[in-house]
Each structure stands twice: as C-alpha cells, then as structure tokens.
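If you want the building blocks of each chain, they are given just below.
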Amino acid sequence: MSKSLLLAGLLAAGLVAAATPCAAAEPLLLRPDITVDGNFVQLGDLIANAGAAGAVAVFRAPDLGATGTIQVARVLEAASEHALGPVETSGFTTVVVRRAGRLVAAEEIRHAVREALLARQLITPDARLTFDASLRPFAVESIAQSAAVARDVALDPRSGRFEAHIRVPGSAIADRLDLRVGGSAGESASIPVLAHAMSRGDIIRAGDIVTAKRHRAELAGDTVLDVNRLIGMALRSPARRGEFLRDGDLAKPQLVERGNLITLSYEGRGITLTVKGKAMANGTLGEVVAVQNLTSKRIVEGRVSGAGRVSVQPMPAPITTASARQL
C-alpha cells in the first residue's frame, strides 16, 4: 500500500471517530417523592443526575416535620431555566416533599419539666402537674435526637405556679425560639373514699370506706379527711364509688322515726326497766325526742340512745315497776 493510501485511510478513520459521540450522559429522572433536611429544595433533590445544577435552590421546603407538594410543571420550568432537559417524569404530575424533623411531643415536654422540678426538690414524686393550654408540640431538626430539657425552672410555693424554658440539645431552632411553658403543681393526699356506690340515707360502715390518692387541688375546704368522722354517719344524697365526701354530704342517721314503735328504757339505781313506746318525732343519736308510753299513754321526753331506743332521764324518786309504767 502506498503512503498516500495509508494516510487517506487514517484520515477516514479519524473522521469516523470524531463523528461518533461519546458515551451517552445519564438520563434526567424526576424523583416523585423526596425528603429534604434544609430550608430549601434543590434541583438535585427533584431531578436525578442533575450534575452541577443540582446544587441550585429552587423552592422553599415545608416546615420541619411537615409534608408538601410541588407541581411537576414547575419543576420542569426550573430545570429549563438552568439548561436541564428533557426530564423523564414517568407520568407524575406532583412531587411529594417531606421536611425531615423530629417532633417534640407534649409528653416529652411534661416529662422534662417534672424531672427538673424534682431535681430541684420543688415538688414531691406524687405531685400532679397541670399545664396551661399554651403547651404545644414543636419540631426540631432530625439530627437533634437528645430529649428535651427544662431550664430556668421556678415554682411559687404559695400558689403552686411553675414556669420553665424548654431546650433541645443540638437544635439551633429550639435555641432561637422562646419556648416557655407554665402551669400549676398540686400535691396529693391519702383520703377516705367510698368503696362502692351508696344510696341516700345509707349509714356508712368501716367496710364502706377505702383509702385513695387525690390531689389537693381537687379537694374542697370541707372535705372529710378523717375516716372516723365518716363511720356511723348517713348520706344526705346518693354517692358514687371512689367519691370523697364533704361535711355537707353527711348527717347523723335517723335512729328513731316518727310513728314507729321504739323501746323506752330507764336505767337507774342498778335497775333497767323497759316498756314499749311510740316515737312522736324523728331523732338522731343523742337527740331528745317525745315518746308516748303505750302502757300509760303519757308523752315523755327521752334521749335517742340507739336504733329504735330512747332512754328517759333518771327521776329523783325511787324507781319501781309501777312508776316505770307511768312514764
């Protein structure tokens, strides 16, 4: 082969090689569901293989922990403005955008405040904390995984009012926000309550009472705290199981009822005499009531000494069976 022919062949081969394109670039693919960490959505978040243009911020991201959508038409417009295209959308019309974040729940905030108050010995372990309605969950960066803590905790011992600032270690957002919470702390007490439901007029026995924890803020000023003051008393109105009782809920039981037969007794000088009588009025323990002696038909006064029993005061004259019948 002549040198001229060899040169021509080489030139032809070079022309063919120059005409052949380099390996095809990666296709631009739409991402229909994305999660971002920052305040903005970049082209690279929305379009795979966006290259250097992928670092361009094109949309604002949703709030921390929130989800939003972007119309695909707007994504394609942004891609065109930065010389990207065509983009394979696979028929999607919207892109779902999630903003990474961690929700600090209300329970986490309550726990942080309780722990801070306990650490400073401002409350006891059984104290009940009631938070203001302003208590709300909030979101922080997903990297801020440490539990929330309460700072600058203060409590007024007279009113029980507390306040605290909430911080989340590692969260710049929480540091910028003025996250304050407040409420009231109430101590609890062991008080007697009803072991079961009871009806109006029922007399309270020892077995009807159990002890339960109740927060002092729930109690009225006349709540009965001594179980001994309950036993033997009657209910003025029906009461539920677990209910604590107030002075106004109680009355001395009616041991003698008007019109009922009772036992009229006299005790004195070592002798006890009893006759049948008829109560002329209702009476509680210790009350003085009028009673008709059914034998003599006379009406006398006596003191209620028990259920269906009335005791007559001693008379100065010596007591005899005959005189007792005249009571």
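Quick caveat: nothing in here was measured; it's all calculated off a predicted structure. (Residues numbered from 1 in each chain as written. Predicted model: local features only at pLDDT ≥ 70, side-chain atom pairs only at ≥ 80, totals over all residues. Heavy atoms only, no water.)

Chemist: Looking at this structure, how should I read the environment of Ala220?
Modeler: Looking at the secondary structure, you find Ala220 in the loop between β16 (209-215) and β17 (234-235). Using a relative accessible area of 24% as the deciding quantity, one classes Ala220 as partly exposed. Here the alpha-carbon distance between Ala220 and Arg246, two residues 26 residues apart in the chain, equals 7.5 Å. (Helix = DSSP H or I, 4+ residues; strand = E, 2+ residues; numbered from the N terminus. Buried < 20%, exposed > 50% of the residue type's maximum accessible area, 1.4 Å probe, protein only.)

Chemist: What should I look at first to understand the side chain of His165 in this one?
Modeler: The topology assignment puts His165 in strand β13 (residues 161-167). Polar contacts involving the side chain of His165 include one to the side chain of Arg180, which spans 3.0 Å. Ignoring sequence-local partners within four residues, the contact set of His165 consists of Val149, Ala150, Arg151, Asp152, Asp178, Leu179 and Arg180. (Polar contact = N/O pair within 3.5 Å; in protein donor to acceptor, adjacent residues only side chain to side chain. Contact = heavy atoms within 4.5 Å.)

Chemist: Which parts of the structure should I look at to understand the environment of Glu108?
Modeler: Looking at where Glu108 falls in the secondary structure, it is placed in helix α4 (residues 106-119). In this structure, the C-alpha to C-alpha distance between Glu108 and Val149, residues 41 residues apart in sequence, is 8.8 Å. For Glu108, the contacting residues outside a window of four places in its chain are Arg102, Leu103, Ser146, Ala147 and Ala148. At a separation of 3.2 Å, a polar atom in the side chain of Glu108 contacts the side chain of Arg102. Within polar-contact distance, the side chain of Glu108 engages the backbone nitrogen of Ala148 at 2.7 Å.

Chemist: For this particular structure, what's the right way to read the packing of aromatic side chains?
Modeler: Each aromatic ring pair is described using two quantities: the centre-to-centre distance and the angle formed by the ring planes. Going through the model one piece at a time under the given rule, you end up with one aromatic pair. Here the aromatic rings of Phe131 and Phe162 are separated by 5.2 Å at their centres, their planes lie at 75°, and the arrangement is edge-to-face. Here the residue Phe131 occupies a position in strand β10 (residues 128-131), and Phe162 occupies one in strand β13, the gap between them amounting to 31 residues. Pair check on accessibility: Phe131 and Phe162 agree, each one buried. (Phe/Tyr/Trp six-rings, centres within 6.5 Å; stacked < 30°, edge-to-face > 60°.)

Chemist: How do you make sense of α4 when you look at a structure like this?
Modeler: Each full turn of the α-helix corresponds to 3.6 residues, which orients residues three or four apart in the same direction. Under the 1.5 Å per step criterion, the end-to-end length of α4 is 20 Å for 14 residues, consistent within 8% with the ideal 20 Å. When α4 is considered as a whole, its buried residues turn out to be Ala106, Glu108, Ile109, Ala112, Val113, Ala116 and Leu117. Buried residues of α4, seen end-on, are gathered within an arc of 165° and therefore sit on one face of the element. The exposed residues of α4 that point more than 90 degrees off its buried face are Glu107 and Ala119. As for α4, its buried residues are in contact with β9 (102-104), β10, β11 (138-140), β12 (149-155), β13 and β14 (180-186). Phi turns positive one or two residues past the end of α4, at Gln121, with a value near 55°. (Expected span 1.5 Å × (residues − 1). Arc of directions from axis to C-beta.)

Chemist: What am I meant to see in the pattern of salt bridges here?
Modeler: When their charged atoms lie close together, side chains carrying opposite charge are able to pair. The tally for this structure, following the rule as stated, stands at seven salt bridges. A salt bridge links Arg161 to Asp132; its shortest N-O distance comes to 2.6 Å. Taken together, the residues span a long stretch of sequence, with Arg161 in strand β13 and Asp132 in the loop between β10 and β11 at a distance of 29 residues. (Salt bridge = Lys/Arg side-chain N within 4 Å of Asp/Glu carboxyl O.)

Chemist: Help me understand helix α3 (residues 72-81), please; the structure alone is not making it clear to me.
Modeler: All buried positions along α3 are accounted for by Val72, Val75, Ala78 and Ala79. The buried residues of α3 occupy an angular sector of 115° when the element is viewed end-on, so they sit on one face. Away from the buried face of α3 by more than 90 degrees, exposed residues Glu77, Ser80 and Glu81 are located. With its phi angle positive at about 60°, Ala83 sits one or two positions after the end of α3.

Chemist: When you look at the side chain of Arg99 in this model, what are you seeing that I'm missing?
Modeler: Take Arg99: it is sitting in strand β8 (residues 94-99). Buried Arg99, no salt bridge; nearest opposite-charge side chain is Asp63, N-O distance 5.7 Å. Not counting the four nearest positions on each side in its chain, Arg99 is found in contact with Val36, Asp37, Gly38, Asn39, Ala61, Pro62, Asp63, Leu64, Gly65 and Ala66. (Lys, Arg positive; Asp, Glu negative; His and termini not counted.)

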